[in-house]
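# Summary of structural features
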Amino acid sequence: MEIILAKSAGFCFGVKRATQMAFDASSQHEQIHSLGPLIHSPQVVEQLEQQGVRVCKQVAEIPGGAVVVRSHGITAEEMQEIEDKHLQVIDATCPFVKKAQDYAEKLSADGYLVVLVGEADHPEVQGIFSYAKGEAVVVTCADDVKTLPENRKIGIVAQTTQPFENLKEIVDACLIKAKELRVYNTICDATTLRQREARQIAAEVDLMLVVGGFNSANTSRLARLCKEQQPCTHHIETAAQLEQSWFVNKEKVGLTAGASTPGWIIDEVVQRLKKIAAAG
Ligand code: F3S
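Anyway, here's the lowdown on the structure attached to this text. Keep in mind the model is a prediction, meaning the values are calculated, not measured.

Take the pairing of strand S10 (residues 207-211) next. Taking burial as the measure, the five residues of S10 include five buried ones, the bulk of the element. Neither face of S10 is open: one carries Leu207, Leu209 and Val211, the other Met208 and Val210, and all of them are buried. Of the pairings in the sheet, the one linking S10 to strand S12 (residues 252-257) comprises five bridges and is parallel in character. Across the sheet, residue Met208 finds its bridge partner in S12, namely Gly254.

Structural data, given as structure tokens:
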């Protein structure tokens, strides 16, 4: 059985950086919390907990010490609360997300109606949105643009994981409406590249595996995209979930992993696959 491992599988730059910062900080601070689980990998969150990094839902719950801000960032109000409580901040916001926050702030300061392309209930979007101090709106698709006022200065920023095509359609729709249009393409390539590679591999194998937290939106999306190419696609969290019966008569197996899946989990899956291949 041949195993094809995607080059882009696993941690993206921002998640790798945030995880490293959290582990480093855990050895330097007695009391340390993360605002929400650091990444969508229950296994990594558990490791961090063993290092003393506790998960809190709100700033109000944090009694003192240090707080790690996740890669997708927090709202301006939460940051203010942290400062007011004199907590030490380990800001692991991905620099690409920070950029989107800065653009939203700048656009609204310059009098633009900020159009944020993304999913309204996603914490990254809520964070970016909070930096737009003037008028701002979250839009998910080009249809949402219909309700925007005519003849305004419109400034567009996007959630980093948005599909480029969606941003493009929304830009087109805004171009018809706006008096002036400014667009910041804040989409991060990591997601697009990972999805493209996963699709390509899924199309040429007999079975596709997608590894990552069941609570990770980017991993679930990856699994959905792979399933479109290869119906025999399995989304797993750990090597223990692999079932030998899946691999009967399979010659080529593809493997990718979400942006929040650590390398050691991918390695364990590869090792288990090799054992299954040797046994078959
Ligand atoms: Fe940052 Fe892109 Fe990852 S925005 S957190 S490097 S997907």
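Back to the write-up after that little detour.
Under the definition given, this model contains one cavity of 30 Å³ or more. Put simply, the largest cavity is a space of about 30 Å³. In terms of lining, the largest cavity is formed by Val69, Gly73, Ile74, Met79, Asp91, Thr93, Lys98, Gln101 and Tyr131. Residue classes in the lining of the largest cavity are distributed as four nonpolar, three polar and two charged.

On the basis of which strands lie adjacent, the open sheet formed by four strands has the order S1-S12-S10-S11 and parallel pairing. The open sheet has two edge strands with one neighbour each: strand S1 (2-5) and strand S11 (233-236). Neighbour-to-neighbour, the strand axes of the sheet open up by a mean angle of 20°, direction not taken into account. Note: S1 against S12, four bridges, orientation parallel.

The next point concerns the layout of surface pockets. The method is simple in principle: a probe with the dimensions of a water molecule rolls over the atoms, and the space it marks as empty is what remains. What the largest pocket holds in volume is close to 570 Å³. Taken together, 32 residues form the lining of the largest pocket, with Cys12, Val15, Thr161, Asn218 and Ala259 sitting closest to its centre. At the level of elements, helix H1 (13-26), helix H4 (95-109), helix H7 (189-204) and helix H8 (217-229) are the ones that each hand at least two residues to the lining of the largest pocket. Of the voids in this model, the second largest pocket is the one considered here, and its volume is about 220 Å³. Elements with a minimum of two residues in the lining of the second largest pocket: helix H6 (164-177), H7 and H8. In terms of residues, the lining of the second largest pocket owes the most to one element, H7, which gives five residues.

The environment of the ligand is made up of Cys12, Gly14, Cys94, Phe96, Thr160, Cys188 and Thr191. Because more than half of its atoms lie within 2 Å of the grid, the ligand is assigned to the largest pocket. When grouped by side-chain class, the residues that make up the shell around the ligand number four nonpolar, three polar and no charged.

Turning to the pattern of salt bridges, a few remarks are in order. Enumeration over the complete set of coordinates arrives at five salt bridges. Asp110 is the partner of Lys106 in a salt bridge, and the nearest nitrogen-oxygen pair spans 2.8 Å. The exposure class assigned to Lys106 is partly exposed, which follows from its relative accessible area of 40%. Exposure remark for Asp110: the relative accessible area of 32% places this residue in the partly exposed category. Linking Glu119 and Arg221 is a salt bridge whose minimum nitrogen-to-oxygen distance equals 3.5 Å. In this pair, Glu119 sits in the loop between strand S6 (113-117) and helix H5 (123-130) while Arg221 sits in helix H8, placing the two residues 102 residues apart along the sequence. Classification of Glu119 as partly exposed rests on a relative accessible area of 26%.

A word on the sheet that holds strand S3 (residues 53-56). With parallel pairing, four strands are arranged side by side in an open sheet as S3-S2-S4-S5. Edge strands, defined here as strands with exactly one partner in the open sheet, are S3 and strand S5 (88-91). Taking the axes of each pair of neighbouring strands and ignoring which way they run, one obtains an average angle of 30° across the sheet. Pairing between strand S2 (residues 32-35) and S3: four bridges, direction parallel. Looking at S3, one finds that Ser34 is bridged to Val55. Packing against the sheet, H1 makes contact with S2, S3, strand S4 (66-69) and S5, and its axis sits at approximately 150° to S5.

Reading the values: the criteria
Residues numbered from 1 in each chain as written. Predicted model: local features only at pLDDT ≥ 70, side-chain atom pairs only at ≥ 80, totals over all residues. Heavy atoms only, no water. Buried < 20%, exposed > 50% of the residue type's maximum accessible area, 1.4 Å probe, protein only. Helix = DSSP H or I, 4+ residues; strand = E, 2+ residues; numbered from the N terminus. Pairing = 2+ DSSP bridges. 1 Å grid on protein atoms, 1.4 Å probe; cavity = no way out; pocket = protein on both sides within 12 Å on 5 of 7 lines; lining within 4 Å. Points joined across faces, edges and corners; volume = space filled by probe spheres on them. Nonpolar A, V, L, I, M, F, W, Y, C, P; charged D, E, K, R; others polar. Axes fitted to C-alpha atoms, helices over the stretch in contact; angles between N-to-C directions. Near = heavy atom within 4 Å. Sits in = over half its atoms within 2 Å of the grid points. Salt bridge = Lys/Arg side-chain N within 4 Å of Asp/Glu carboxyl O. Contact = heavy atoms within 4.5 Å.

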